[in-house]
Amino acid sequence: MSTVDFLAQEKVWFDKPRYDEAERRFYEHRNGSSQPSQDVGANSILQDIARARENIQKSLAGLKTTLCNRGCSQPLPSRHSQFQSASSSTNAADQGEFISRIRNLELENQSLHKVVEDLRAALSKLECRVTVLEKSPATVTAAPAPSVPYTNGTTVQQKTSAPVKEEDDDDDDIDLFGSDEDEEAEKLKEQRLKEYAAKKAKKPTLIAKSSILLDVKPWDDETDMAKLEECVRSVQADGLLWGTSKLVPVGYGIKKLQIACVVEDDKVGTDMLEEEITKFEDYIQSVDIAAFNKI
């Protein structure tokens, strides 16, 4: 079987592109005449492009003719000459810019010279004023006394009126007849010392005091606590002041006497209190200090 016979028997749709084109045209005609307008616009653009190409070709042809005419009459400038002309133009521009910068620098230099001259003039004026001010106190002060040389080479100042005045003052200080000013000054000093001592004696001095809380313990529960407190309060001394008291239970029916007192530290001590209270051996077993505070 040949290839032609095989293709003839094969079910192939060779006309499918024609049917696709017919279908496209049918749908375009059904949807409206938008494609023809697009075709017209595309045709106009193509026409414009063709005209532009023709114009370009014409211009290129005219340029070739003019170049040929110039080549016949005058040779075209070479690339080297063009580069030289371009470099010469750039050099001229750089040179002009350099000259303008030099002129600006010269102007700035002139202005700076002027400022420096003004500063120098002001400084000279200031120096003149300072020298004048330094010289003015020297003219006001008195000139030193000239020195007189001795034979041994040393120099001393001449005597002026000031030392003479001091000698006169020394003469005035000498009282040939005696004066009572020293005695009056001593009396006044003694009187002021007495007044100060009297004032200091009248001023109340700060007395150091302490508050003491004592625990006085009896022998047993049968001890008369009222009699015990009476014995404790019977202890009297200068600087001792008894305060409040109370009975505090200890245990097994025994109570202790807790009594407060205020003492002056310089006059009454804790050891003295303990010795005086423990003398009552029939009622008191021991004495303890429960609290001790400075007032």
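Along each chain, numbering runs from 1 in the same order as the chain's sequence is written. Reporting in this predicted model follows two pLDDT cut-offs: at least 70 for local features of residues, and 80 or more for side-chain atom pairs to be given and counted; totals over whole chains, interfaces and linings ignore these cut-offs and use all residues. In computing side-chain properties, one takes all heavy atoms of the structure into account and sets aside hydrogens as well as water.

Trainee: Residue-level account of the overall build of the protein chain, with values.
Mentor: On a plain count of helices and strands, the protein chain comes out with eight helices and six strands. Numbered from the N terminus, helices here are DSSP runs of H or I no shorter than four residues, and strands are runs of E no shorter than two. The linear arrangement of helices and strands in the protein chain, starting from the amino end, is α-α-α-α-β-β-α-α-β-α-β-β-α-β. The protein chains shown are the only cover counted for residues, whose accessible areas, like all others here, come from Shrake-Rupley with a 1.4 Å probe. Roughly 25600 Å² of accessible area belongs to the protein chain as shown, and the carbon and sulfur atoms make up 56% of that amount.

Trainee: Describe the side chain of S210, listing the residues and the values that go with them.
Mentor: Examined against the element boundaries, S210 turns out to sit in strand β3 (residues 209-217). Relative accessibility under 20% of the residue-type maximum defines a buried residue, over 50% an exposed one, and the middle range a partly exposed one, all with a 1.4 Å probe and only protein chains included. Owing to a relative accessible area of 0%, S210 belongs among the buried residues under this scheme. Nitrogen and oxygen atoms within 3.5 Å of one another constitute a polar contact, given that in protein one can donate a hydrogen and the other can accept it, and given that sequence-neighbouring residues count only through two side-chain atoms. There is a polar contact of 2.6 Å between the side chain of S210 and the side chain of D265. Whether two residues are in contact is decided by their heavy atoms, any of which lying within 4.5 Å being enough. Every residue in contact with S210, bar those within four places of it in the chain, is listed here: C261, V262, V263, D265, F292, N293, K294 and I295.

Trainee: Residues and numbers for the sheet that holds strand β4 (residues 240-251), please.
Mentor: Note on sheets: strands pair through backbone hydrogen bonds, and any given pair is parallel or antiparallel. At least two bridges found by DSSP between two strands is the condition for calling them paired. With antiparallel pairing, four strands are arranged side by side in an open sheet as β4-β5-β3-β6. Edge positions in the open sheet fall to β4 and β6 (286-294), since each of these has one partner strand only. Each strand of the sheet is rotated relative to its neighbour by a mean of 20°, with strand direction disregarded. Alignment of β3 against β6, held across eight bridges, turns out to be antiparallel. Helix axes are fitted to C-alpha atoms over the stretch in contact, other axes to C-alpha atoms as well, and angles between N-to-C directions run from 0 to 180 degrees.

Trainee: Help me get a handle on the pattern of salt bridges, residues and values and all.
Mentor: For salt bridges, the criterion is a side-chain nitrogen of Lys or Arg within 4 Å of an Asp or Glu carboxyl oxygen. With the rule as written, the count across this model stands at twelve salt bridges. E21 serves as the salt-bridge partner of R25, at 3.4 Å between the closest nitrogen and oxygen. Residue R25 and its partner E21 are both found in helix α2 (residues 16-31); the two are separated by four residues, about one turn of the helix. Classification of E21 as partly exposed rests on a relative accessible area of 27%. Across the pair E264 and K267 runs a salt bridge whose closest N-O atoms are separated by 3.4 Å. Given the relative accessible area of 16%, E264 is considered buried. The class of K267 is partly exposed, set by a relative accessible area of 47%.

Trainee: So, the side chain of K256: which residues are in play, and what are the values?
Mentor: If you trace the backbone, K256 turns up in strand β5 (residues 254-264). Other than its neighbours up to four places away in sequence, K256 contacts D215, V216, K217, P218, M225, K246, L247, V248 and V250.

Trainee: Give me the nonpolar core: which residues, what numbers.
Mentor: Buried Ala, Val, Leu, Ile, Met, Phe, Trp, Tyr and Cys residues form a nonpolar core when they are joined through side-chain atoms within 4.5 Å. Counting 18 residues, the largest nonpolar core has V232, L240, W242, L273 and I277 as the members making the most contacts within it. At the level of secondary structure, the elements contributing two or more residues to this core comprise β3, α7 (225-233), β4, β5 and α8 (270-277). For this core, the element with the most residues is β5, which contributes four residues. The residues contacting W242, other than those within four sequence positions of it, are L214, V232, R233, V235, Q236, I259, A260, C261, L273 and I277.

Trainee: How would you summarise α7 if you had to cite specific residues and measurements?
Mentor: One turn of an α-helix holds 3.6 residues; hence residues three or four places apart share an orientation. What α7 keeps buried is the set M225, L228, C231 and V232. Each buried residue of α7 sits inside an arc of 115° when the element is viewed along its axis, so together they form one side. Each element contacted by the buried residues of α7 is listed here: β3, β4, β5 and α8. The distance from a side-chain oxygen at the start of α7 to the backbone nitrogen of A226 is 3.3 Å, and the residue carrying that oxygen is D224. It is the directions from the helix axis to the C-beta atoms that the arc portrays.

Trainee: Tell me about the packing of aromatic side chains, and please be specific about residues and values.
Mentor: Ring pairs (aromatic) are described by centroid distance and by the angle formed between their planes. Only rings of Phe, Tyr and Trp enter the pairing, Trp through its six-membered ring, and a pair is recorded when the two centres are within 6.5 Å. The plane angle decides the type: under 30 degrees is stacked, over 60 is edge-to-face, the rest tilted. Under the counting rule described, the total for this entry stands at one aromatic pair. When the ring of F26 is compared with that of Y27, the centres are 5.5 Å apart and the planes differ by 70°; the resulting orientation is edge-to-face.

Trainee: Explain the pairing of β5 to me, and be specific about the residues and the numbers.
Mentor: Here β3 pairs with β5 via eight bridges, running antiparallel. Within the sheet, the bridge partner assigned to S211 lies in β5 and is V262. Bridge count between β4 and β5: nine bridges; the pairing is antiparallel. Paired with V248 across the strands is K256, a residue of β5. Hairpin connection, β4 to β5: the antiparallel pair is bridged by two residues, and Y252 has positive phi, about 60°.

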